[in-house]
Structure formats: C-alpha cells, structure tokens
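Each chain, letter by letter, is given below.
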Number of protein chains: 2
Amino acid sequence: MNGSDSTSTVPGSGAPRRSDATRGAILAAARERFATDGYERATIRAIAKDANIDPSMVMRYYRNKEGLFAAAVAIDLRLPDVSGADRRQDVGRILVEHFLDMWENNEVLTALLRVGVTNRAAADRMQGILRDQLLPVARQVCPDPEQVPARAALLASQLLGLALTRYVLRMPPAVGLARAEIVAWLAPTIQRYLTAPSP
Amino acid sequence: MNGSDSTSTVPGSGAPRRSDATRGAILAAARERFATDGYERATIRAIAKDANIDPSMVMRYYRNKEGLFAAAVAIDLRLPDVSGADRRQDVGRILVEHFLDMWENNEVLTALLRVGVTNRAAADRMQGILRDQLLPVARQVCPDPEQVPARAALLASQLLGLALTRYVLRMPPAVGLARAEIVAWLAPTIQRYLTAPSP
DNA sequence: ATTGTTTGCCAACGACTGTTGACGTCTTCC
DNA sequence: GGAAGACGTCAACAGTCGTTGGCAAACAAT
C-alpha cells in the first residue's frame, strides 16, 4: 500500500528499527479508529486487524492502550506567525483558513476531539495545545496581556464549535457550508475576539 | 432523599405505577452517569448501583441501554419567542443568556453532547434539536429564508463550542469567563450570524 | 382467601475487553 | 559456524459488559 505519508514513522530520534513499518501501520490504524470510533470503541483488536498484525504487538510496542493513544495523537497546529503589523489586521481570516486546512487534512484532530470529550488524558492534552500553541498567538495580537487567556478561550470556543458541528457531529447544514462562507462569517468573529477592545 | 424534581417521573401520560419512584431513580442516575462518563463508560451496573436497584430492573423498564438513553435524554430548549420587532434586535443577547441558563441547570444537555460525539443515535438526536428547535428561531429573525439553515449552523457552532470548552472539556480559561463577559462577547456574534446581511 | 400481576433480587449466560507469556522464526553480530 | 536478540503468532488469563430467566415477596382484584 503506502510506505510513508506526512504523519508516518520515525519521530526523528533513535535508530531505524526493522519493525518501523509495523509500528507505522499500527499508528495509522489507531489514528483512524480513534478518529471514527472514540476511545472505548476503538478496540486494540480492531486496530491490530486493520494493521494486519497480532494484538500483542500493539502491547509490545506501546505498552498500553493509553500509550498507543499518546503515541498516535501528537498535534502540532503549525500556527503561523501573526506578529507583523500587516498580518495582525488579517489574523481572523488567516486563522480560520489555517484551521480549515488543518481539520480537513489531519484526522488526528478529529481523533483528539472525539476522545477528549470522554477521556481525561485527551482533554488534558487539548488544554496543553490551547495553552502552548493557541495562547501565544493570542498574545501576539491582543491589546491587553491580562485578557489573553479569556480571548484565547473565546477563539477556541468558536473554532472548536465549528469543528464539532462540521467534522464530528456532521450536522448537515454545517457540512453544507462552503469554505468561503465559513471564512467570511467566522473571520470577523475571530478578529473581534482577539483584537477588539473589550466590550 | 428527594421525592420529585423538575425532571422527574410521569411524562404526563399513562396511569401512575407503583414503580414510578424506581423508574425515576434510574433515569436520574442514568442522566448523571451519561453526562459525566459518556455512553460506553456509563455502565448499566453503575447506573443501577447509583439508583440502589438491580441491573435487571433497568432492562425490564427500558429494554435496552439504547432505550434507557433515549428515555433519559429528552431535551426541550424552551427557546423564547423572538418574533417581536423589539426583541428581534436583542436576539443575540437573549439567546446567549438563555443558553447559559439551560446549560448550567440541566445536566441532560451535557449528557447529550458527550454521548453525541461518539454515538450515532445521540448525534441524530442533536440534529433533530437543531432542526426542530433552533431552525425555527433562526427563521423568525433571518432576512433571507434561503440562508436560514446556514445561519442556524453558525449559531450552533458558536453556542455548542462554548458549551464544549466550558462545560465538557472544562478548559480553565473558558471556565473562568464570567457570565457577563460571555454575554458581552458572544451576543454580537450571534446577533450578526442571524441578522446581518451575508458578508 | 385465592388468584393474577407487579416489583425486586439473584445467579448466570455468552461475548468482548485489555493484557500476558510461551514458543517458533528470522536477522544480526562475532 | 553459533549466540543473542528482535519480530511475529497463538492461546489463554481475568475481568467486565449487556442481557436473560427464574424465583420470592408485595400488592391488587375477585
């Protein structure tokens, strides 16, 4: 089938092992199952079957189901730099477009949201992403540093809400929105949450 | 300990049965478990234990786990009428305040969102609520009838996103927002999604 | 007092879960 | 060559799940 995709094996450290193909297949299958089924219903047996290996291999390479999930779901939002004065007044549009690209090309985001709703560890992971990746962006464009967390939370609420209705719940009217429509409607909202004077 | 609360027994039809207290206890325990644990981890055994009865009673009265969930989670958003010309220009604030009241006093909403993310039947139920309860409100205030579904979807994305970050994921900065802050920030967003000319 | 029905508890079923350990095979190094 | 270890398969464990049927007590109707 394939040999390497954008989110494949080799995190960059350690020598290449003979089992890297298997490890990669497990991770790919795990990501897909977690994304579509959530944590509990994503069975290790089902994941192993998808990866065409024995369930015990999953345990050998990732210790736990927890360990598998932790290894399968690592998220880097790759948020762009918006500190430039010119980009700062477009931060709404830039962020919305970036998020749409991310969500449509990376099933890991769906997996994390689906699992985070019922799994504490995954919810904590999402908090970490908000704190380490979203908050710095808000800091770049917010007028008052003290309001940064609140404004980042508002930002997260709108973006995650869109992802929830469109990519997780798949509500028809949310799925039916064209990309340009979403950007046109949401960009001003995000722009206001981040840069407008507090109301 | 209590005898009757706002969401207790007797849906209004049928003769009162001797087991109504038990049925109510089961439903109350089920709502709490579904709200905090999601569908899979909300065990029938755990629910029965909370209600101080035998697990088999749950099956007798609600047939299935599915049946129990269907009986436990029935949602009426009690959305206010906003057709009046004076209320129409306040629809953003009115809806946000109404949703905050709902979410903070009704654990059933949390249950439905938590379960809907991984359970098809619950997701369909949410679609039904959007269609039957949210869409009519949007129809009352939208300029162009053709845009009603899209605008209702935007409305849902912002309100569900807030509920997700604040009541389900419990992200600290979202939990830390004061009620007045939320209303001040979100009301203009909702107002715009529903009434502004399309961008 | 006797029926029939409702309510409840108990024990158990089959299926499925995460996880473990033993065992054969293939690769690698000396 | 042989030794050491990585890789993979198989069978099984202990536990939990939803669900079922039988049986005793409490009630209702006659």
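Given the structure is predicted, the values throughout are model-derived calculations rather than measurements.

**A closer look at the domain arrangement of chain A**
All names here are of chain A.
So, point 1. Partitioning chain A into domains gives domain 1 (20-72) and domain 2 (85-195).
So, point 2. One C-alpha centre belongs to domain 1, the other to domain 2, and the line joining them spans 28 Å.
So, point 3. Tallying the contact residues gives 11 residues for domain 1 and 10 residues for domain 2.
So, point 4. In total, about 860 Å² of surface goes out of reach between domain 1 and domain 2, with carbon and sulfur atoms giving 62% of it.
So, point 5. At the surface where domain 1 touches domain 2, the tally comes to zero salt bridges.
So, point 6. Run the count over domain 1 and domain 2 and you get one residue pair in polar contact (both at pLDDT 80 or more).
So, point 7. Breaking the side of domain 1 that touches domain 2 down by element, the ones donating at least two residues are α1 (20-41) and α4 (65-72).
So, point 8. Examining the composition of the side of domain 1 that touches domain 2, we find that eight residues originate from one element, α1, more than from any other.
So, point 9. Counted by class, the side of domain 1 that touches domain 2 contains seven nonpolar, two polar and two charged residues.

**Thoughts on the packing of helix α9 (residues 148-168) of chain A against helix α11 (residues 179-195) of chain B**
So, point 1. α11(B) packs onto α9(A) with a crossing angle of 30 degrees between their chain directions and a minimal axis gap of 12 Å. Looking at the two axes, α9(A) sits roughly parallel to α11(B). In the crossing of α9(A) with α11(B), the sense of the turn from one axis to the other is right-handed. Judged by residue contacts, Arg151(A), Leu154(A) and Gln158(A) of α9(A) engage Trp185(B), Leu186(B), Thr189(B) and Tyr193(B) from α11(B).
So, point 2. Here the residues of the contact of α9(A) with α11(B) sort into four nonpolar, two polar and one charged.

**Concerning the relation of the copies chain A and chain B**
So, point 1. Aligned on chain B, chain A shows an RMSD of 0.0 Å; the corresponding rotation is 180 degrees and the shift along the axis is 0.0 Å. Both copies of the chain, as the preceding transformation shows, are related through a two-fold rotation axis. Taking C-alpha positions as the reference, the residue of chain A nearest the rotation axis is Gly161(A), at 1.7 Å.
So, point 2. A shared binding surface is used by both copies, with 100% of the interface residues of chain A retained as interface residues in chain B.

**Considering the confidence of the model for chain A**
So, point 1. Per-chain confidence: chain A averages 92 in pLDDT, with 93% of residues scoring 70 or above.
So, point 2. Below a pLDDT of 50 lies the segment residues 1-11 of chain A, which in the model reaches four contacts outside its immediate sequence neighbourhood of four places, other chains included.

**Focus: helix α7 (residues 107-116) of chain B**
Given 3.6 residues to a turn, an α-helix orients residues that are three or four positions apart in the same direction.
So, point 1. Taking burial as the measure, the 10 residues of α7(B) include nine buried ones, the bulk of the element.
So, point 2. Buried residues along α7(B) sit against α9 of chain A together with α1 (20-41), α4 (65-72), α6 (91-105), α8 (120-141) and α9 (148-168) of chain B.

**With respect to the environment of Met59(B)**
Residues and elements named next belong to chain B.
So, point 1. Among the structural elements, Met59 can be located in helix α3 (residues 55-62).
So, point 2. Between the C-alpha atoms of Met59 and Ile44, which are 15 residues apart in sequence, the distance is 8.9 Å.
So, point 3. Once you skip the residues sitting within four places of it in the chain, Met59 turns out to touch Ile44 and Asn64.

How each quantity is defined
Residues numbered from 1 in each chain as written. Chains lettered and ligands numbered in written order. Predicted model: local features only at pLDDT ≥ 70, side-chain atom pairs only at ≥ 80, totals over all residues. Heavy atoms only, no water. Domains from an automatic or database assignment. Contact = heavy atoms within 4.5 Å. Buried area = accessible area lost by both parts, 1.4 Å probe. Salt bridge = Lys/Arg side-chain N within 4 Å of Asp/Glu carboxyl O. Polar contact = N/O pair within 3.5 Å; in protein donor to acceptor, adjacent residues only side chain to side chain. Helix = DSSP H or I, 4+ residues; strand = E, 2+ residues; numbered from the N terminus. Nonpolar A, V, L, I, M, F, W, Y, C, P; charged D, E, K, R; others polar. Axes fitted to C-alpha atoms, helices over the stretch in contact; angles between N-to-C directions. Parallel < 35°, antiparallel > 145°, perpendicular 65-115°, else oblique. Left-handed = near helix turned anticlockwise from the far one by under 90°. Least-squares fit on C-alpha atoms with pLDDT ≥ 70 in both. pLDDT = per-residue confidence, 0-100. Buried < 20%, exposed > 50% of the residue type's maximum accessible area, 1.4 Å probe, protein only.

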